[in-house]
Amino acid sequence: MFSDERKWNLDGPGGNRGYSSDVRKEPITFSKINFGDASFMMWGAFCIDGTLEIQFVSCRMNSADYIITLEMSLVSFLEKNSNKNFIFQQDNAVIHNSAATKNRFASKNISVLEWPACSTDMPPMENVCGILSNRVYSENRQ
């Protein structure tokens with residue numbers, strides 16, 4: 001089961017340069033947006049049995065917020081599919097590796113895939129976000 005968070009800018013891709021990480025295509029570089037900071041953050045996950053409910057989360061999420069997100073989507077999905085054994089993958093964000101988060105995983109008997117810090121490997125959820133970015137921001141659309 002693969003998960004990740006993604007920030008979406010409502011006025012187009014933000015930062016000095018953004019790029020699409022769809023590995024099936026050449027990277028697309030977007031131009032800089034000079035004004036506006038309307039954005040939102042989403043958390044999503046998928047596995048062979050489908051997708052989990054998307055959660056809209058704070059751009060300044062802490063480990064307590066992350067645990068609530070997990071409870072609302074991951075834990076309920078796992079309870080509905082208790083007859084299957086899943087391994088959960090997440091990147092090494094600080095909130096993912098906090099003691100509180102690790103304790104929650106242990107208390108719910110959730111297996112977590114070990115993921116190397118600063119890994120150059122792109123988790124599969126990054127590919128999904130890249131595909132979505134291509135569609136959302138195509139032709140510099142806002």
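Predicted, not measured: the structure shown is a model, and the values here were computed from it.

Some words on the nonpolar core
If you look at soluble globular proteins, the nonpolar side chains tend to sit buried side by side. Membership of the largest hydrophobic core comes to 19 residues, with the highest contact counts inside it found for Met1, Trp43, Leu74 and Phe88. Every element with two or more residues in this core is listed here: β4 (39-47) and α1 (63-80). By residue number, the principal contributor to this core is α1, which donates 6 residues.

Considering the environment of Asn9
When you line up the elements, Asn9 lands in strand β1 (residues 2-9). Given a relative accessible area of 15%, Asn9 falls into the buried group. The spacing of Asn9 and Ala38 is 29 residues in sequence and 5.9 Å in space, taken between C-alpha atoms.

A closer look at the confidence of the model for the chain
A low pLDDT score tells you not to read the predicted coordinates there in detail. Taken residue by residue, the chain gives an average pLDDT of 80. The fraction at 70 or more is 75%. The spread of mean pLDDT over the elements of the chain runs between strand β2 (residues 18-19), the lowest at 50, and helix α2 (residues 99-107), the highest at 95. For residues 31-35, every residue scores under 50 in pLDDT, and the model assigns this stretch 10 contacts once sequence neighbours within four places are set aside.

Procedures and definitions
- Sequence positions are assigned chain by chain, starting from 1 and proceeding in written order.
- Local features in this predicted model are restricted to residues whose pLDDT is 70 or higher, and side-chain atom pairs enter the listing and the counts only when it is 80 or higher, whereas totals over whole chains, interfaces and linings include all residues.
- Here the side-chain values reflect all heavy atoms present in the structure, with hydrogen atoms and water set aside.
- We define a nonpolar core as any set of buried Ala, Val, Leu, Ile, Met, Phe, Trp, Tyr and Cys residues linked to one another through side-chain atoms lying within 4.5 Å.
- Residue burial is assigned from relative accessible area. The probe radius is 1.4 Å, only protein chains are included, and a residue is buried under 20% of its type maximum, exposed over 50%, and partly exposed in between.
- Helix and strand assignments come from DSSP, with helices taken as H or I runs of at least 4 residues and strands as E runs of at least 2, each series counted from the N terminus.
- As a per-residue measure, pLDDT reflects the predictor's confidence and takes values from 0 up to 100.
- Between two residues, a contact is recorded if the distance between any of their heavy atoms is within 4.5 Å.

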